[in-house]
Amino acid sequence: MNIAHLLKGHEKDLGGGFVVRRYLPAAVKQAVGPFIFFDHFGPVDVPADADHDVRPHPHIGLATVTYLFEGAMEHRDSLGTLQRIEPGAINWMTAGRGIVHSERTPKDLVGVPHRTHGLQLWAALPKAHEEVEPSFAHTPAAAIPEMEIDGAKVRVLIGSAFGHTSPVKTFSQTLYLDVSLKAGQQLALNGLPPEAAIYPVSGSLDIDGAPVPQNSMALLDTSSSRRVSANTDAQFVIIGGEPLDGQRFLFWNFVSSSKERLLKAADDWEAQRFDKVPGETEFIPLPKRPSAAT
């Protein structure tokens, strides 16, 4: 089989009518390489009176990976970082032992109708790095390698492909590509990492003749090369890497190889022991705890 499994996304309202389609974690596959979380939001026309701000919230044990196709957001975190995120850039925030951040509409877009469209991924950190010091790295669009391969436009967001390597630093083998194909074009994929998946952002795709429907993620059999064909003008991302070193447990915005560590993070947030984001005063209460972390 060229496609090992098709994951169907489900919609989730993050508040204020901001709806995302979530594909990872899934029942059949917790992660693809290090990527344990995959949200696609938009494309959507944001009305002038919308409030899609994401208030300050904590993370541990993971790295957030933000990539926009349209729109802009303002990132602030407890390290004192203030970064405008725009299309084409990669923003990698390592939570490690703990970080708090907010993602808000930039002031110049507040009260202004605009469009937003992007992907939010989490990469679970290897066990040896789960408690590293938090950090934030912004890689502007101009620093991302971009090339044409057999007519396809490929951007190497993270990792190495087609002889090019992204400057984004990671903790394990990680691959993240943004690919655009014109109708009728094909792209051969060789040397994929042990785990990989393709997600169509727009357009109609086949993988070795098997269709990949919209709003689905194709988990690939990476034992041999794959060929992606575009039936219409299409854009897709490829994610993957080496498998995680063991199971991860998740609760709210926390990821860890230890259930006890999740409970400590929850206690720390309730007691407001996490560092604060300069300039932010809002506090999101901890959600109801499950009987056991999943």
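Along each chain, numbering runs from 1 in the same order as the chain's sequence is written. Reporting in this predicted model follows two pLDDT cut-offs: at least 70 for local features of residues, and 80 or more for side-chain atom pairs to be given and counted; totals over whole chains, interfaces and linings ignore these cut-offs and use all residues. The side-chain values count all of the structure's non-hydrogen atoms but skip hydrogen atoms and water molecules.

Asker: Go over the pattern of salt bridges with me, naming the residues and quoting the values.
Answerer: One side-chain nitrogen of Lys or Arg within 4 Å of one carboxyl oxygen of Asp or Glu is enough to make a salt bridge. Under the criterion given, the structure shown has 18 salt bridges. Between Glu131 and Arg261 there is a salt bridge, with the nearest N and O atoms lying 2.8 Å from each other. One end of the pair, Glu131, is in the loop between strand 11 (114-124) and strand 12 (135-139); the other, Arg261, is in helix 1 (residues 259-270), with 130 residues separating them in the sequence. According to the relative accessible area criterion, Arg261 is buried, its value standing at 16%. Residues joined in a network through salt bridges with shared partners are Asp53, Arg104, Glu280 and Glu282. A run of H or I in DSSP becomes a helix once it reaches four residues, and a run of E becomes a strand once it reaches two; helices and strands are each numbered from the N terminus. Working definition: with a 1.4 Å probe on protein chains only, accessible area under 20% of the residue-type maximum means buried, over 50% means exposed, and in between means partly exposed.

Asker: Kindly report on the sheet that holds strand 14 (residues 152-158), identifying the contributing residues and their values.
Answerer: One bridge is not enough; two strands pair if DSSP finds at least two bridges between them. The 7 strands lie next to each other as 1-22-19-24-17-14-13, forming an open sheet whose pairing is antiparallel. Since the sheet does not close on itself, it has two edges, and those belong to strand 1 (3-8) and strand 13 (146-149), each with one partner. Across the sheet, the mean angle from the axis of one strand to that of its neighbour is 25°, orientation sign disregarded. The pairing of strand 19 (residues 195-202) with strand 24 (residues 234-241) spans 7 bridges and is antiparallel. Directly across from Ser202, in strand 24, lies its bridge partner Gln235. Under this scheme, a helix contributes an axis fitted over its contacting stretch, all axes are lines through C-alpha atoms, and angles between N-to-C directions fall in the 0 to 180 degree range.

Asker: Which residues make up the packing of aromatic side chains, and what are the values?
Answerer: Aromatic pairing here means that ring centres of Phe, Tyr or Trp (its six-membered ring) are within 6.5 Å. Orientation follows from the plane angle: under 30 degrees is stacked, over 60 is edge-to-face, and everything else is tilted. Enumeration over the complete set of coordinates arrives at 12 aromatic pairs. Between Tyr67 and Tyr176, the ring centres sit 6.2 Å apart and the planes meet at 65°, which makes this aromatic pair edge-to-face. Of the two residues, Tyr67 is situated in strand 6 (residues 62-70) and Tyr176 in strand 17 (residues 174-181); the sequence distance between them amounts to 109 residues. Taken as a pair, Tyr67 and Tyr176 share a single burial class, namely buried. By the ring-pair criterion, three or more aromatic residues cluster together here, those being Trp252, Phe254, Trp269, Phe274 and Phe283.

Asker: Give me the lowdown on the environment of Leu187, citing residues and values where you can.
Answerer: With respect to the helices and strands, Leu187 occurs in strand 18 (residues 186-189). Along the primary structure Leu187 and Phe251 are separated by 64 residues, whereas in three dimensions their C-alpha atoms are 38 Å apart.

Asker: Just give me the short version of the sheet that holds strand 4 (residues 35-46), but keep the residues and values in it.
Answerer: Pairing is antiparallel in the open sheet, where 7 strands are placed in the order 2-3-4-11-6-9-12. Two strands lie at the open edges of the sheet, namely strand 2 (10-13) and strand 12, each paired on one side alone. Going from strand to strand, the sheet's axes swing by 20° on average, the running direction of each strand aside. In terms of strand pairing, strand 6 meets strand 9 (residues 90-94) through 4 bridges, oriented antiparallel. Counterpart to Thr64 in the pairing with strand 9 is Met93.

No statement about biological role is implied by the geometric values presented.
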